[in-house]
Amino acid sequence: MLKPAKLMKNDTVAIVSLSSGLGGEAAFLYRYKIGKKRLEEEFSLNVITMPNALKGIEYLDNNPKARADDLMDAFKDKSIKGIFCMIGGDDTIRLLDYIDFDVIKNNPKIFMGYSDTTLNHFMMYKAGLTSFHGPSILGEFAENVKMHEYTKNYVQKVLFEPTAELDIKPSPVWTCEYLEWTNPENIKIERKVIKDDRGYELLQGSGIAKGRLLGGCIDVFPMIIGTKIWPVMEEWDDIILFLETSEEEPQPNYIKYILRGMAAQGIIKRISGIIFGKPYNEKYYKEYKQVLLQVVGKECNRPDLPIFYNLNFGHTAPMCIFPYGIMAEIDCDLKTFRLLESGVI
């Protein structure tokens, strides 16, 4: 995998809207401005916004090529060192026909987002570039009152500070509280956090498992499977599969069907471990665990496969960052998870 250069003070980064055009709607512009300002003031970055990113929901829905053009142009622009996604959505897959994988490969730079942006990450993976499953502009960078320190810490450590190893520790608190975004006054109210005494849960497995990170928001996997960006079978060897669920709170059976489909492809027997994010609002917390144990442990006859549960990534706050394609380690005995190499150079 190609690794992008680390971010440094005064680097230029670009904001793109590759799925929903929410950031360009009048009611949500204040959140875009807050997220942009925090990148500038708290991370000392120069921030530009790509030409189509603020054109709103209707325009971006009708013009997937315009979204893709912003992404391609951001990669081509030598002055841009990083690309940050405004927010997710539900139709990033429509950009696929307009993606030039050679442009991505020949211009490696940081790319970050989550949720529907999982599809973009698989595009980057196809091009051979390490990208970053992490915060979005409207969400985490525009967090009410201030960013979570846990989130800020991993932005700094993963994107700005290359290190040989990095422990990904459990957050002591979490929140999924939703305060209506259309009311700008809510930005003055900190979301209520809940103490998390569980930490990481080991559902099965023992010893130490190592592998390269690949995964994302499981909700969108059906749109990727079978396309040219879905990895070929050999690419699943020794993968640590990371999975998380969205605010749509998918039914446990939905998770079961996707896992069974991956098992039928032969993926589950090839991977070296699974890490599963905290379910949104902890709905189906127990049920998702039961699904993982049923499909992986029993149906696939892999009770040996380490499964870590309740990690802080994806649709929960605060969140850490996972770089695609880099080596990571699950230590079942110590209940720790760490990155074994940097995602940047």
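Residues numbered from 1 in each chain as written. Predicted model: local features only at pLDDT ≥ 70, side-chain atom pairs only at ≥ 80, totals over all residues. Heavy atoms only, no water.

Novice: What's the story with the sheet that holds strand β4 (residues 110-113) in this structure? I'm lost.
Specialist: Within a beta sheet, neighbouring strands are joined by backbone hydrogen bonds and run either parallel or antiparallel to one another. Taken in spatial order, the six strands of this open sheet run β2-β1-β3-β4-β5-β14, and their pairing is mixed. Each having just a single partner strand, β2 (46-49) and β14 (322-323) make up the two edges of the open sheet. Inspection of the sheet shows β4 paired to strand β5 (residues 132-133) by two bridges, in the parallel sense. Counterpart to Met-112 in the pairing with β5 is Phe-132. Relative to β2, helix α1 (residues 29-42) is tilted by about 150°, and along the sheet it contacts β1 (12-16), β2 and β3 (80-85). Relative to β3, helix α3 (residues 64-76) is tilted by about 155°, and along the sheet it contacts β1, β3 and β4. (Pairing = 2+ DSSP bridges. Helix = DSSP H or I, 4+ residues; strand = E, 2+ residues; numbered from the N terminus. Contact = heavy atoms within 4.5 Å. Axes fitted to C-alpha atoms, helices over the stretch in contact; angles between N-to-C directions.)

Novice: Help me understand unusual backbone geometry, please; the structure alone is not making it clear to me.
Specialist: Negative phi is the rule for most residues except glycine; trans is the rule for most peptide bonds. The omega angle of the peptide bond from Ala-317 to Pro-318 is -5°, so this bond is cis rather than trans. Relative to the elements of secondary structure, Pro-318 occurs in the loop between β13 (307-311) and β14. Phi is positive for Asn-301, close to 55°, though the residue is something other than glycine. Asn-301 gets classed as exposed once you look at its relative accessible area, which sits at 60%. Even without a glycine there, the phi angle at Lys-335 is positive, about 55°. The topology assignment puts Lys-335 in the loop between β15 (327-331) and β16 (336-339). Given a relative accessible area of 45%, Lys-335 falls into the partly exposed group. (Buried < 20%, exposed > 50% of the residue type's maximum accessible area, 1.4 Å probe, protein only.)

Novice: Looking at this structure, I do not really get the pairing of β3. What am I missing?
Specialist: Note on strand geometry: in a regular strand, side chains alternate between the two faces of the sheet. Along β3, five of the six residues are buried, which leaves the element largely enclosed by surrounding structure. Of the pairings in the sheet, the one linking β3 to β4 comprises three bridges and is parallel in character. Looking at β4, one finds that Phe-84 is bridged to Met-112.

Novice: How should helix α10 (residues 285-299) be read in this particular structure?
Specialist: Residue pairs spaced three or four apart in an α-helix point in one direction, given the helix's 3.6 residues per turn. The end-to-end C-alpha distance of α10 is 21 Å, a good match for the 21 Å that 15 residues give at a rise of 1.5 Å each. For α10, the set of buried residues is Tyr-285, Tyr-288, Lys-289, Val-291, Leu-292, Val-295, Val-296 and Gly-297. Elements in contact with the buried residues of α10: β9 (201-204), α9 (252-264), β12 (273-277) and β13. Note on α10: the residue one or two positions beyond its end, Asn-301, has a positive phi of about 55°. (Expected span 1.5 Å × (residues − 1).)

Novice: What's the story with the environment of Pro-318 in this structure? I'm lost.
Specialist: Overall, the relative accessible area of 2% leaves Pro-318 in the buried class. Each C-alpha atom, one on Pro-318 and one on Glu-143, is 9.6 Å from the other, the two residues being 175 residues apart in sequence. In this view, Pro-318 contacts His-148, Tyr-150, Thr-151, Ser-171, Val-173, Trp-174 and Asn-312; residues no more than four positions away in its chain are not counted.

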